[in-house]
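Read off the chains here:
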Amino acid sequence: MEIDKKTLHLLQKYDRPAPRYTSFPTAAQFTHAVSQDSCLSFLKTLPEKESVSLYVHIPFCHSLCHYCGCNTKVVNTYAPVRAYLDLLHKEIDNAGQYVSGKPRAALLHFGGGSPNYLKPEDIKAVIEKLGEYFTFGAETAIDIESDPRYLDGDTIKAYADMGVSRVSLGIQDFDPVVQEAINRIQPFEQVKSCVEDLRANGIEKINFDLMTGLPLQTLESLARTVEQAVSLAPHRLSVFPYAHVPWMKKHQKLLEKYEMPGTQVRFAMTAFVDKTLQESGYTAIGIDHYARPDDSLTIAQNEDRLRRNFQGYTDDPCETVIGFGLSAISSYTQSYTQNTTDAPAYRAAVEKGEFPVARGCPLTDDDRARRRLIEKLMCDFELDLSAFRVLLETFPQTRSTLSLLAQDGIIELKNDHLTITEIGKPFTRIVASAFDPYFQGAEGRHARAV
Ligand code: SF4
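Predicted, not measured: the structure shown is a model, and the values here were computed from it.

Enquirer: Whenever I open this one, the pattern of salt bridges confuses me. Can you help?
Expert: In the structure shown here, the tally under the stated rule is 28 salt bridges. Taking the shortest distance from any N to any O, the salt bridge between R199 and E204 comes out at 3.9 Å. Accessibility expressed as a relative area gives 26% for R199, which makes it partly exposed. Judged by its relative accessible area of 41%, E204 is partly exposed.

Structure representation (C-alpha cells):
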C-alpha cells in the first residue's frame, strides 16, 4: 500500500507518544491523592436512581503472551485464584455496605487477564455477590473477555445460563508465524469452533480483538487474518496498534529479537484494516473500533450517544463505573480511583476492611469540562469550540497548536468549528493532546500515536 508524500510528512512529524485518552486526565496523572474517606464518600453519594457500570478484574492467565500490556499473572494451579476470589467477594462486601438503594447495574464487564480462567460457578458467584448491592435485570449487559484457547463448551453453556450477553475474544493475528513469535498459538479452527458454540448457545454478540504492528506481521499476513476474521462475522472488532512499552512491561523485550514493522508499515496496516473492514460492511467507530450496522455501538454513534472509557468505545451511558479487583479503575463524577496492582497490598487492605485503592485523580471543574471535550473529539472527530471557550482561555497554547495542526491539514477550523480531516484521523490522539494541559509529550509514558 503506497503512502503519499503528504502523509509521510505527517508521520515523520506527528508519530510521537500520545495518550489513548480512554480517560481524562489520563492514568499518567493518577497520584496517591485519594483517601479512604474520599472513596467512602464517592460510594455514599452515588446519584440516586442513576444506573452504574461495574467492572471486575481477573488477573490470571494460563500463559504469557509476549505482547501483553495487561495486569495479569500466569498461574498453574487454582489455589491462588480461589484465594483471590475470596478477597474479591470481601472487597465487594466492604464497598457494597456503603451503597444505598441498590442502584441498577446497566453493565457488568469482566476484564483481565483471562476471566475465563475462573470456573463458571465462580463467575456466577461473583455476579450473585454483586447482586446483593446492585440490581441486575434483563436489561443488564454482562460482557466477558475470554481467551478462546480455554473456552470450552461447558463454559459457553454456563455463560448462556448466567445471562452473559457479549463475549470478547482475543485474536490478535491468525498467522502461525506471528502467533509463535508472540507466544500465543491459537489456530483459526479453534476460534471458529468457539464462535459456533457461542452462537449455538444464543450468544450472538461476539467481539474480536485484533492487533497491528506485531513482530513478523506483514501486510499480506494481516490481510489473511482480516479475511478470516470477517468470515466469522463478529459483531464488533477492535483493532489496536501494538504498544511496545518494555519500560513498563519487561517481557515485551522478548519480541525485540524479531523484525518489527516500522512506522510506515504500521500506518499502512491500520489504513488497510480500516478500508477492508468498511468495505466488508462494518462501520468505523472512533479511531480503532468497527461494528456491524445493527450493533448497539453503531446505533449509538448514529444517535450521537457514543462514549469512551477505559474499555474503549462504548454505548454505556453511565457516569459512574465502579471497579473491583486488583488494578481496577473506578470513575466517579468527583474522581478516578485505581486499586493497587500489588497483590499483598490488595490482600492487606481488603482483609482490614479498607478500600484497596492505591492512587487516583480528583477532578476539578476544568478537568470535567476537558474530559467532555476530549471524549467528544475522540468519538465524533469534530467539536464546536465556542462551547469550550473558557478552556481555551485557561490553556492558551491550544490555539497556537490548533493553528499548526490546521496548517498541516490535520484539522479544519471554520467559525470556531473544529473538524478532523480524513488525512488527520490517524492523528486524532495528537489533536486531543492539544487540549491536555498535563501532557508533556515525554517518551516513556505513552505509546506512539500511530
Ligand atoms: S491472554 Fe490476554 S491478558 Fe493473558 S497474557 Fe495474553 S494478552 Fe495478556
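Enquirer: Is there a simple way to think about the site of the ligand in this case?
Expert: As a structural note, the neighbourhood of the ligand is formed by C61, S63, L64, C65, Y67, C68, C70, G113, S114, D147 and R184. Classifying every residue of the shell around the ligand by side-chain character gives 6 nonpolar, 3 polar and 2 charged.

Enquirer: Looking at this structure, I do not really get the side chain of S330. What am I missing?
Expert: Within the secondary structure, S330 sits in strand β14 (residues 329-331). Classification of S330 by relative accessible area gives buried; the value is 4%. Not counting chain neighbours up to four residues away, the residues in contact with S330 comprise V321, I322, G323, S335, Y336 and T337.

Enquirer: Would you explain helix α5 (residues 153-161) in this entry?
Expert: Residues spaced three or four apart along an α-helix face the same direction, because each turn holds 3.6 residues. All of the buried residues in α5 are T155, I156, A158 and Y159. Projected onto a plane normal to the axis of α5, the buried residues spread over an arc of 160 degrees and lie on a single side. Relative to its buried face, α5 has exposed residues pointing more than 90 degrees away, namely D154 and D161. Lining the buried residues of α5 we find α4 (120-130), β5 (141-146), β6 (166-172) and α7 (188-200). Where α5 ends, the next residue or the one after it, G163, has phi of about 85 degrees, a positive value.

Enquirer: Would you explain the nonpolar core in this entry?
Expert: Most often, soluble globular proteins have nonpolar side chains that are buried together. Counting residues in hydrophobic clusters, the biggest one holds 72 residues, and the most contacted among them are L88, F110, F134, L169 and F208. With 7 residues, helix α3 (residues 79-96) is the largest single contributor of residues to this core. When residues no more than four places from it in sequence are discounted, the contact partners of L88 are V56, I58, V126, F324, G325 and Y346. If you look at the next biggest cluster of nonpolar residues, it comprises 38 residues, including I374, M378, F381 and L385.

Enquirer: Hey, could you run me through the sheet that holds strand β18 (residues 411-414) in this one?
Expert: Two orientations exist for strands paired in a sheet by backbone hydrogen bonds: parallel and antiparallel. One open sheet accounts for 3 strands, arranged β17-β19-β18; its pairing is antiparallel. One side of each edge strand has no neighbouring strand; the edge strands of this open sheet are β17 (382-384) and β18. Taking each pair of neighbouring strands and ignoring which way they run, the sheet shows an average axis angle of 10 degrees. Summarising the sheet, β17 and strand β19 (residues 417-420) pair through 3 bridges and their orientation is antiparallel. Bridge pairing links D384 to H417 in β19. Along the sheet, helix α12 (residues 365-380) makes contact with β17 and β19, crossing β17 at roughly 140 degrees. Running over the sheet, helix α14 (residues 397-407) touches β18 and β19 and is turned about 115 degrees from β18.

Enquirer: Explain α4 to me, please; I cannot follow it from the model alone.
Expert: Three or more residues of α4 are buried, namely P120, D122, I123, V126, I127, K129 and L130. Along its buried surface, α4 packs onto β1 (52-58), α3, β4 (105-112), β5, α5 and β13 (321-324).

Enquirer: Would you mind showing me how to read the pairing of strand β8 (residues 236-241) here?
Expert: On a regular strand, one side chain projects to one face of the sheet and the next to the other, so that they alternate. Pairing of strand β7 (residues 205-212) with β8 involves 6 bridges; the strand directions are parallel. By the bridge assignment for β8, F208 is matched with L237. Note on the crossover from β7 through helix α8 (residues 219-231) to β8: the handedness is right-handed. Where β8 lies against strand β10 (residues 289-291), 3 bridges are found, and the strand directions are antiparallel. The residue of β10 that forms the bridge with S238 is H289.

Enquirer: Explain the confidence of the model for the protein chain here, please?
Expert: Caution applies to low-pLDDT parts of the model: their predicted coordinates are not meant to be read in detail. Scored by pLDDT, the protein chain has a mean of 94; 98% of the residues are at 70 or more. Our summary of model confidence lists the complex with pTM equal to 0.94 and ipTM equal to 0.99.

Enquirer: Which parts of the structure should I look at to understand empty space enclosed by the protein?
Expert: To find the voids left in a structure, one rolls a probe of water-molecule size over its atoms. This model, assessed by the stated rule, comprises 1 cavity of 30 Å³ or more. Each pocket or cavity is described by its volume, and for the largest cavity that value is around 150 Å³. Surrounding the largest cavity, 16 residues form its lining, E91, G323, Y332, N339 and F355 being those nearest its centre. Secondary structure elements with two or more residues in the lining of the largest cavity: α2 (36-44), α3, β13 and β15 (335-339). In terms of residue class, the lining of the largest cavity is built from 9 nonpolar, 5 polar and 2 charged.

Enquirer: What exactly am I supposed to notice about the state of the cysteines here?
Expert: The term disulfide refers to a covalent linkage connecting the sulfur atoms of a pair of cysteines. Taken as a whole and assessed by the stated rule, the structure comprises 0 disulfides. No disulfide involves C194; its sulfur sits 15 Å from that of C65, the nearest cysteine. Assessed through its relative accessible area of 3%, C194 is described here as buried.

Enquirer: Where do I start with the packing of α3 against helix α11 (residues 343-351) in this structure?
Expert: Angle between the axes and distance between the axes: these two values describe a pair of packed helices. Packing of α3 against α11 leaves a shortest axis separation of 9 Å and a crossing angle of 45 degrees. Viewed along their axes, α3 and α11 adopt a mutual orientation that is oblique. Considering the relative orientation of α3 and α11, their crossing is left-handed. Side by side, α3 and α11 meet where Y84, L87, L88, K90, E91 and N94 of the first sit next to Y346, R347, V350 and E351 of the second. Its residues assigned to classes, the contact of α3 with α11 comprises 5 nonpolar, 1 polar and 4 charged.

Thresholds, definitions, all that
Residues numbered from 1 in each chain as written. Predicted model: local features only at pLDDT ≥ 70, side-chain atom pairs only at ≥ 80, totals over all residues. Heavy atoms only, no water. Salt bridge = Lys/Arg side-chain N within 4 Å of Asp/Glu carboxyl O. Buried < 20%, exposed > 50% of the residue type's maximum accessible area, 1.4 Å probe, protein only. Near = heavy atom within 4 Å. Nonpolar A, V, L, I, M, F, W, Y, C, P; charged D, E, K, R; others polar. Helix = DSSP H or I, 4+ residues; strand = E, 2+ residues; numbered from the N terminus. Contact = heavy atoms within 4.5 Å. Arc of directions from axis to C-beta. Core = buried A, V, L, I, M, F, W, Y, C linked by side-chain atoms within 4.5 Å. Pairing = 2+ DSSP bridges. Axes fitted to C-alpha atoms, helices over the stretch in contact; angles between N-to-C directions. Right-handed = clockwise from strand over helix to strand, strands pointing away. pLDDT = per-residue confidence, 0-100. 1 Å grid on protein atoms, 1.4 Å probe; cavity = no way out; pocket = protein on both sides within 12 Å on 5 of 7 lines; lining within 4 Å. Points joined across faces, edges and corners; volume = space filled by probe spheres on them. Disulfide = S-S within 2.5 Å. Parallel < 35°, antiparallel > 145°, perpendicular 65-115°, else oblique. Left-handed = near helix turned anticlockwise from the far one by under 90°.

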